[in-house]
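Listed below are the residues making up each chain.
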Amino acid sequence: MTNYVLVTILLSGLVTWLSRVVPFAIIKNLAVPKWLINFLSFVPVAIMTAIFVESLLVYHAGQWPGFNLENIYASIPAILAGVLTKSLLAVVITGVVAMALLRLVGMG
Amino acid sequence: MDSSLTFKSGAKDVVPTLFGYIGVGLAMGIVANTSHLSVLAVLLMSLIVYAGSAQFIIISMLLAGSPISAIVLSTFLINSRMILMSLSIAQYFKKDSLLQNIALGSLLTDETFALSMNKLNQTQQKLRPRWLHAANIIAYLVWAAATVVGCLLGNLIADPNQFGLDFAVVGMFIGLLYLQIITDRSKTLKTQLLVVLFVAIAMFFLMRFFPGNIALLIATLLGCGFGMVVTPHD
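Residues numbered from 1 in each chain as written. Chains lettered and ligands numbered in written order. Predicted model: local features only at pLDDT ≥ 70, side-chain atom pairs only at ≥ 80, totals over all residues. Heavy atoms only, no water.

Novice: Can you tell me about the layout of surface pockets, naming the residues and giving the values?
Specialist: Here the largest pocket is characterised by a volume of approximately 1200 Å³. Lining the largest pocket are 45 residues; nearest its centre among them are Glu54(A), Ser55(A), Ser53(B), Phe56(B) and Val169(B). Considering only enclosed or pocket space, the second largest pocket measures out at about 580 Å³ in volume. When contributions to the lining of the second largest pocket are tallied by element, the ones reaching two or more residues are helix H2 (34-40) of chain A together with helix H8 (110-120) of chain B. Per-element tally for the lining of the second largest pocket: the top contributor is H2(A), with four residues. Residues belonging to the lining of the second largest pocket are distributed by class as follows: eight nonpolar, 12 polar and four charged. When residues of the lining of the second largest pocket are assigned to domains, at least three fall in each of domain 1 (8-186) and domain 2 (187-234) of chain B. (1 Å grid on protein atoms, 1.4 Å probe; cavity = no way out; pocket = protein on both sides within 12 Å on 5 of 7 lines; lining within 4 Å. Points joined across faces, edges and corners; volume = space filled by probe spheres on them. Helix = DSSP H or I, 4+ residues; strand = E, 2+ residues; numbered from the N terminus. Nonpolar A, V, L, I, M, F, W, Y, C, P; charged D, E, K, R; others polar. Domains from an automatic or database assignment.)

And the structure:
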């Protein structure tokens with residue numbers, strides 16, 4: 001491993017660690033105003049939606065995003081599994097199997 | 001998932017998310033292998049950086065010989081959403097020691113954050129360090145192991161995606177989002193669905209101008225503001 005790789009890993013690790021830890025230290029030592037608690041209470045649903053939708057889109061610089069069709073197709077049975085079972089494991093397994101099948105029949 | 005907040009229940013609750021770590025971890029190891037990174041470099045990266053999408057970017061930028069400053073800045077931008085997640089979850093550990101808080105934050109991921117938010121709905125809005133430590137540590141070790149195995153097997157499996165494992169992460173977020181919407185009683189269903197719709201549309205428009213990771217951050221911030229505005233006041 002070259003120094004270039006090692007230094008990159010160490011510095012990238014440092015900025016990531018700070019992003020993870022500094023907010024904990026701030027919240028621990030500060031009285032959080034009510035509006036901020038209210039604002040942050042939407043982080044879970046907003047960020048999970050954003051992560052999910054990001055996986056359905058394909059970024060093209062300077063153009064409208066395209067659609068990731070295989071992820072969109074595989075999401076449909078996965079969502080159905082969620083509605084029917086309310087089980088995280090069932091959603092994951094259904095999605096993975098659906099994706100494997102899509103690729104098997106050449107739609108992925 | 002029940003209301004128990006022991007170390008053991010943390011270990012149990014994290015299991016469904018492990019498929020995602022294994023799927024993406026294997027893929028990352030294989031990409032690292034084809035990019036001529038050593039097993040040691042992959043292991044160190046997984047242990048020190050510990051961030052899925054950022055590690056893919058780091059590997060591709062290393063391969064391209066990008067300046068270290070550019071790689072570190074990209075990593076920060078991709079992982080800056082951790083700031084929002086940490087701010088959001090830290091409120092539940094205010095009474096625990098600073099050291100506990102630092103330890104919890106150090107291994108927090110998208111997945112263990114989302115899992116915790118689901119858990120809150122089962123526990124009258126309480127979390128305990130031991131529960132999150134269990135989920136965090138298991139996820140951390142599984143991630144490191146999966147990336148190393150991927151790197152070692154890199155030459156054997158040309159296309160790990162043929163088994164659909166890369167979809168495990170998407171599937172996991174579908175499950176976590178759905179469970180979040182149906183179990184979070186602190187907000188009305190209508191409010192939550194409005195936020196989902198708003199963020200989804202915002203993502204589409206933002207990705208006209210920004211790569212996915214940056215769009216994700218802006219859409220989340222806008223979505224939180226939107227949520228505050230549309231919440232019925234009583």
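On we go.
Novice: So what's going on with the interface of chain B and chain A? Residues and values would help.
Specialist: One frequent convention defines the size of an interface as the accessible area lost when the parts assemble. Of the residues lining the interface, 100 residues belong to chain B; the matching set on chain A comes to 70 residues. Here chain B meets chain A over a buried area of about 7500 Å², counting both sides, of which 79% is carbon and sulfur. Run the count over chain B and chain A and you get one salt bridge. Measuring nitrogen to oxygen at the nearest pair gives 2.8 Å for the salt bridge that ties Arg103(A) to Asp166(B). Counting the contacts that link chain B with chain A gives 15 residue pairs in polar contact (both at pLDDT 80 or more). Ranked by residue count, the leading element in the side of chain B that touches chain A is helix H10 (residues 168-183) of chain B, at 14 residues. (Contact = heavy atoms within 4.5 Å. Buried area = accessible area lost by both parts, 1.4 Å probe. Salt bridge = Lys/Arg side-chain N within 4 Å of Asp/Glu carboxyl O. Polar contact = N/O pair within 3.5 Å; in protein donor to acceptor, adjacent residues only side chain to side chain.)

Novice: Can you lay out the nonpolar core for me, pointing to particular residues and giving the numbers?
Specialist: Grouped together as the largest cluster of nonpolar side chains are 96 residues, with contacts concentrated most on Met48(A), Leu37(B), Met45(B), Ile89(B), Phe113(B) and Met203(B). Ignoring sequence-local partners within four residues, the contact set of Met45(B) consists of Ile9(A), Leu37(B), Tyr50(B), Gln55(B), Ile58(B), Ile59(B) and Leu62(B). (Core = buried A, V, L, I, M, F, W, Y, C linked by side-chain atoms within 4.5 Å. Buried < 20%, exposed > 50% of the residue type's maximum accessible area, 1.4 Å probe, protein only.)

Novice: Quick rundown of the packing of aromatic side chains? Include the residues and the values.
Specialist: The full count for this structure, using the stated rule, is six aromatic pairs over all chains. Members of the aromatic cluster, joined through ring pairs, are Trp64(A), Phe67(A), Phe204(B) and Phe205(B). Directly above the ring of Trp64(A) sits Arg208(B), whose terminal nitrogen or CZ lies 5.5 Å from the centroid. The ring centre of Phe209(B) lies 5.5 Å from the NZ or CZ of Arg208(B), which sits over that ring. (Phe/Tyr/Trp six-rings, centres within 6.5 Å; stacked < 30°, edge-to-face > 60°. Lys NZ or Arg CZ within 6 Å of the ring centre and 35° of its normal.)

Novice: Explain the packing of helix H5 (residues 88-104) of chain A against helix H2 (residues 15-34) of chain B to me, and be specific about the residues and the numbers.
Specialist: The interhelical angle for the contact between H5(A) and H2(B), taken along N-to-C directions, is 30°, at an axis separation of 8 Å. Between H5(A) and H2(B), the crossing angle belongs to the class labelled roughly parallel. Crossing of H5(A) over H2(B) shows left-handed handedness. Here Leu88(A), Leu89(A) and Val92(A) of H5(A) lie close against H2(B), whose contacting residues are Pro16(B), Thr17(B) and Phe19(B). (Axes fitted to C-alpha atoms, helices over the stretch in contact; angles between N-to-C directions. Parallel < 35°, antiparallel > 145°, perpendicular 65-115°, else oblique. Left-handed = near helix turned anticlockwise from the far one by under 90°.)

Novice: For the UniProt feature "transmembrane region" (unreviewed entry) in chain A, give the residues involved together with the corresponding values.
Specialist: Residue and element names in this part refer to chain A. Sites flagged by UniProt as "transmembrane region" (unreviewed entry) map to residues 6-27, 39-59 and 79-102. Within the segment residues 39-59, helix and strand shares are 76% and 10% respectively, and the terminal C-alpha atoms sit 28 Å apart. Between the C-alpha atoms that bound residues 79-102 the distance is 16 Å, and the span itself is 92% helix and 0% strand. (UniProt positions renumbered as here; feature names shortened; annotations may be inferred.)

Novice: An account of the UniProt feature "transmembrane region" (unreviewed entry) in chain B is needed here, citing residue identities and associated values.
Specialist: Residue and element names in this part refer to chain B. Listed under "transmembrane region" (unreviewed entry) in the UniProt record, and renumbered for this structure, are residues 20-44, 56-78, 137-157, 163-181, 193-210 and 216-233. Measuring from the first to the last C-alpha atom of residues 163-181 gives 29 Å, for a span that is 74% helix and 0% strand. A distance of 24 Å separates the end C-alpha atoms of residues 193-210, which is 78% helix and 0% strand.

Novice: I'd like a description of the domain arrangement of chain B, backed by residues and values.
Specialist: Residue and element names in this part refer to chain B. If you check the domain split of chain B, you get domain 1 (8-186) and domain 2 (187-234). When each unit is reduced to the centre of its C-alpha atoms, the spacing between domain 1 and domain 2 is 23 Å. Every contact between the two is made by 12 residues of domain 1 and, on the other side, 11 residues of domain 2. Where domain 1 packs against domain 2, one counts zero salt bridges. In this assembly, domain 1 and domain 2 are joined by four residue pairs in polar contact (both at pLDDT 80 or more). Contributions of two or more residues to the side of domain 1 that touches domain 2 are made by helix H5 (68-79), helix H6 (81-90) and H10. No other element matches the three residues that H10 contributes to the side of domain 1 that touches domain 2.

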